[in-house]
Amino acid sequence: MDNPNDNIPENGEESGLKGAQSLNRNQLDLLKKLAAIGSDLWGGMPSAAYQKEETPDKPAREKQEQPELKKKKENHIENTIRNLWKTADETVDWTDALAHSMPTDGLTGKRLWGFYHKMAEKVLSGDLNAYTEVLKTSNPLGELTGFANGINMRAPAAERLESTFVCKDELMKENRKLYLAAMGLRIARDLLACLPADEVKVTAEHDGKEVFSATYPRHKLLHQNFAFIDPIKLAEDLGAEFK
């Protein structure tokens, strides 16, 4: 006579299956497989088959997203170029810096103001070495490095500052004139805010050739509403050369 316990599972894994005691071992094995498939479809981690089907699609989705991200980046740069000249550094009051050893404008840090206070007398006397040291320390064109392949600045005379920037290819392809004029005006504004010169000459180079040159006198920029000014027209009015 068969042992009545032969059809009962040896462990408790199948104890929750309906009618488990009335099933033989082959039937229990089949139910186990069905239960595993059910778990594969409705719960737990996806099966290896599903993972393999999803993997090839991932690079394709990433490739589809890349042009959109590139377009967003280009649009951001374009929008920035359209507003580049509207803001500028705060003007350094060298007379105030000479008279006070601590910041009075509420904007300049103590360390930088201390440097201004130290250099003020020489700057106000037109010392070109002091001009050069101020340009190197304060780096007034630092925010523009992302818009050019290189920018330099110098002080050939106490009344005149000069800057040359190397154009980025991608920014020259669309709205070339706006890019050149926007950079020219922003550079002029930042340099005139940094030192008490009378004018700034800005030159742009592309593929080893000069493509833009303009001189911005301080008195021409006074009382201008830069939120509404056209940088191209201003450059042309100042005799700028677009090549």
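Per chain, residue numbering runs from 1 following the sequence as it is written. Thresholds applied to this predicted model are a pLDDT of at least 70 for local features of residues and 80 or more for the giving and counting of side-chain atom pairs; totals over whole chains, interfaces and linings are not thresholded and use all residues. Hydrogens are left out, water is left out, and the side-chain values use all remaining heavy atoms of the structure.

A. Up close: the overall build of the protein. If you tally the helices and strands in the protein, you get 10 helices and 5 strands. Exposure is judged per residue with a 1.4 Å probe applied to protein chains only, and the accessible area is read against the type maximum: over 50% gives exposed, under 20% gives buried, and values in between give partly exposed. Looking at the 243 residues of the protein, the share that counts as buried comes to 32%. Contacts between residues were defined by any pair of non-hydrogen atoms, one from each residue, lying within 4.5 Å. Of the contacts made within the protein by residues no fewer than 6 positions apart, 54% connect residues no fewer than 24 positions apart. Counting every atom, the protein has about 15800 Å² of accessible surface; 50% of that belongs to carbon and sulfur. Labels follow the DSSP assignment, with helices taken as runs of H or I lasting at least four residues and strands as runs of E lasting at least two, numbered in each case from the N terminus. Computed with the Shrake-Rupley method and a 1.4 Å probe, the accessible areas treat only the protein chains shown as cover for residues.

B. Molecular detail of the environment of Leu98. Position of Leu98 among the secondary structure elements: in helix 4 (residues 94–99). With relative accessibility at 39%, the residue Leu98 sits in the partly exposed group. In the structure, Leu98 is positioned 18 residues away from Tyr116 in sequence and 7.7 Å away in space, judged by C-alpha atoms.

C. View of the sheet that holds strand 4 (residues 209–217). Across the sheet, 5 strands lie side by side as 1-2-3-4-5; this open sheet has mixed pairing. Lying at the two open borders of the sheet, with one neighbouring strand each, are strand 1 (148–157) and strand 5 (241–242). Pairing between strands is defined by DSSP: at least two bridges between them are needed. Sheet topology note: the strand 1/strand 2 (residues 160–167) ladder contains 7 bridges and is antiparallel. Looking at strand 2, one finds that Ala157 is bridged to Arg160. Note on geometry: axes are lines fitted to C-alpha atoms, helical ones only across the stretch in contact, with angles between N-to-C directions running from 0 to 180 degrees. Packed on one face of the sheet, helix 8 (residues 176–194) meets strand 1, strand 2, strand 3 (199–206), strand 4 and strand 5 and runs near 145° to strand 2.

D. Highlighting the pairing of strand 2. Connecting strand 1 to the antiparallel partner strand 2 that follows it, the hairpin turn spans 2 residues. The pairing of strand 2 with strand 3 spans 7 bridges and is classified as parallel. Paired with Leu161 across the bridge in strand 3 is Val200.

E. Spatial organisation of the pattern of salt bridges. We define a salt bridge as a contact between a side-chain nitrogen of Lys or Arg and a carboxyl oxygen of Asp or Glu at a distance within 4 Å. A full pass over the atoms with the stated rule returns 9 salt bridges. For Glu162, the salt bridge identified is with Arg160, shortest N-O distance 3.0 Å. For Glu162, a relative accessible area of 18% puts it in the buried group. Arg160 gets classed as partly exposed once you look at its relative accessible area, which sits at 21%. Its salt-bridge partner being Lys243, residue Glu241 comes within 3.6 Å of it at the nearest N-O pair. Overlapping salt bridges bring together Arg154, Arg160, Glu162 and Glu199 as one network.

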